[in-house]
Amino acid sequence: MGRDLDIDALYAQHREGVLRFFARRTADPEVALDLLAETFAQAVASRGRCRARTDDERAAWLYAIVRRQLARYRRRGSAEQRAIHRVGLERPPVDAPLLDAVVRRTGLEALRTELSAALGTLGADTRRAVELRIVDELPYPEIAARLAITETAARARVSRGLQALGRTLDPRLVQELPAR
Amino acid sequence: MTADPDPLDAHLDALGRALHDASRRPRPAPRCALRLATAGAAALALAGGLLVALPGGGDVDVVQRAAAALAPDHGILHYRVQTTIQQRLDGRWASVPPGCDRGRQVTEVWQATSPARWRMRSTAPPSGPRCGASIDRHGHRTRTWTETAWDAGTSTTYDPRNRTFDVVRGYPATSSQRRPTILEHDLEGGDPVAGIRRLLAEGRLRDDGERDESGRRVRVLVAAPRRAVFGATRRVVAMTYVVDAASFVPVRVERLDTVTPRLRVPREHVTVRSIMSFERYERLPRDAATERLLTIRPRGRVIRTDMTLDEFRRELRDPPRLRD
């Protein structure tokens, strides 16, 4: 029954898995911490509607919130704070040593190393286009201007680079399933 | 003696305690009440914002004179602009990429509205060991200059040195290809005056007064910095428009773009400056002679390729490699 949902136990069991899930998909420790807090705040806010009876069902219920938060983040470009405000969650502060610890614990360094190594396999022009699009996240017209090529050529260059990266990157690093 | 706890463990423990406290508080109010309260607060904030924004519109005389001078007409817009892109490195402005003066490009545009058509002539980027190479769809290095044109969903590209003339048909009306590829989105598809006109109408330009520049009297209009978030990347874009003091046509547009990318370690700022210097900006009367300026006229024999957008996209999946 929902009223029996033990938030403390749910958090203790899944906090690192959820954090790793967000970190691997956003490549940003700060955003991952934001999404972690919002996810569990949402769990607190909606715990009365949880009908899960087993650990597996509770994990599935939690990860439905996790995936919804990630989708919203990708759509909006920023992590929501709605549930945090709603339940009055007082988040502990975030500082540089903490972010470094998140990078270490979630294996973000490996992902970044992998990405850097993969970029190194691309030609200079393609690598620069991919960096501008994926790392610097610039719009195509600006990439075209910076590389002094047409927008069509910029799109082709990024597309070519991403295809090559897709073949090079270890998919397990990018899409690792959450630990249970 | 005990070791300091890992900062992440300490943070996760503290968050767990905060969640525990939050879960012990009474349930939050129903959502509909919250939404009404939020809507009310938003309305109040909006009204407050308007009250703050309205008196800050700047010099009314300048705004009215500029708006009158920049009124749209139905002629053919013609401009020639030199774009320079530089990045802040070690406290000084350097070319992008460093060691290659690739960020400097001259673009000339002839542009008509209703219906939208344009022709753009661009100098080819310099090439060299530090610059890489730009290649066309045939795998040839682009040199000297190229021309691109747009008319009713058809994009045409002409490379005089490689003697290629490529026609791609079937672009949707909303395609980004419909606009000349010059740097700044705020320039409203290639016409900087349209961007200035819109910013003036929205009260987003501050008049920074007149000054002399290279023997010319100019007026400086400064736009409020624009903040944007792309994923976890934060960007702040600051625009300055230098216009002729009498006619208000653009003399120079400067853009300062400060980006904090998410994958850079450490999360350092990248500051890029783009300067668009207008060597010419004029409106030509629309007649048979000026209409011809909107169409590419290749010289001599060319290798012509006609394709649909779908065919072009299929080709992009297997792009060419450098052949020369």
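This is a predicted model, so every value here is computed, not measured. (Residues numbered from 1 in each chain as written. Chains lettered and ligands numbered in written order. Predicted model: local features only at pLDDT ≥ 70, side-chain atom pairs only at ≥ 80, totals over all residues. Heavy atoms only, no water.)

K.L.:
Quick one: what's the story with the overall build of chain A, residue by residue and with numbers?
P.N.:
Along its length, chain A carries ten helices and zero strands. Along the chain direction, N to C, the helices and strands of chain A fall in the order α-α-α-α-α-α-α-α-α-α. Looking at chain A as a whole, 57% of its 180 residues are labelled buried. Restricting to contacts in chain A with at least 6 residues of sequence separation, those with at least 24 account for 70%. Carbon together with sulfur atoms contributes 50% to the accessible area of chain A, which is approximately 7900 Å² in total. (Helix = DSSP H or I, 4+ residues; strand = E, 2+ residues; numbered from the N terminus. Buried < 20%, exposed > 50% of the residue type's maximum accessible area, 1.4 Å probe, protein only. Contact = heavy atoms within 4.5 Å. Areas by Shrake-Rupley, 256 points an atom, 1.4 Å probe, with all protein chains shown as cover.)

K.L.:
So what about the packing of helix H5 (residues 96-105) of chain A against helix H1 (residues 7-24) of chain B? Which residues, and what values?
P.N.:
Contact pair H5(A) / H1(B): the axes reach a minimum separation of 8 Å and the direction vectors enclose 100 degrees. Here H5(A) is positioned roughly perpendicular relative to H1(B), judged by the angle of their axes. For the pair formed by H5(A) and H1(B), the contact residues are Pro97(A), Leu98(A), Ala101(A), Val102(A) and Arg105(A) on the first element and Pro7(B), Leu8(B), Asp9(B) and His11(B) on the second. Of the residues assigned to the contact of H5(A) with H1(B), the class counts are six nonpolar, one polar and two charged. (Axes fitted to C-alpha atoms, helices over the stretch in contact; angles between N-to-C directions. Parallel < 35°, antiparallel > 145°, perpendicular 65-115°, else oblique. Nonpolar A, V, L, I, M, F, W, Y, C, P; charged D, E, K, R; others polar.)

K.L.:
Give a description of unusual backbone geometry that names residues and reports values.
P.N.:
Residues and elements named next belong to chain B. In the Ramachandran plot, Ala 152 falls in the positive-phi region, its phi being about 50 degrees despite a non-glycine side chain. Topologically, Ala 152 is positioned in the loop between strand E5 (145-151) and strand E6 (154-159). A positive phi angle, close to 65 degrees, is found at Phe 248, a residue other than glycine. Within the fold, Phe 248 resides in the loop between strand E11 (233-244) and strand E12 (250-260).

K.L.:
Give me the lowdown on the confidence of the model for chain B, citing residues and values where you can.
P.N.:
Should pLDDT be low for a region, the predicted coordinates there are not to be read in detail. Residues and elements named next belong to chain B. Residue-level pLDDT values for chain B average 72, and 62% of them are 70 or greater. Confidence, read as mean pLDDT per element, is least for helix H2 (residues 31-53) in chain B (30) and greatest for H1 (91). Across residues 29-58, where pLDDT falls below 50, the model places seven contacts with residues more than four positions away in sequence or in other chains. As a predicted assembly, this complex carries a pTM of 0.52 together with an ipTM value of 0.74. (pLDDT = per-residue confidence, 0-100.)

K.L.:
Now, about the pairing of strand E7 (residues 164-169) of chain B: what can you tell me, with residues and values included?
P.N.:
Residue and element names in this part refer to chain B. Across the six residues of E7, five count as buried, placing the element largely inside the fold. Relative to E7, E6 runs antiparallel, the two sharing five bridges. Looking across to E7, one finds that Tyr 158 is bridged to Phe 165. Linking two consecutive strands that pair antiparallel, namely E6 and E7, is a turn of four residues; a positive phi of about 55 degrees is found at Arg 163 within it. Here six bridges tie E7 to strand E14 (residues 303-308), and the two strands are oriented parallel to one another. The partner of Val 167 across the bridge, within E14, is Asp 306. (Pairing = 2+ DSSP bridges.)

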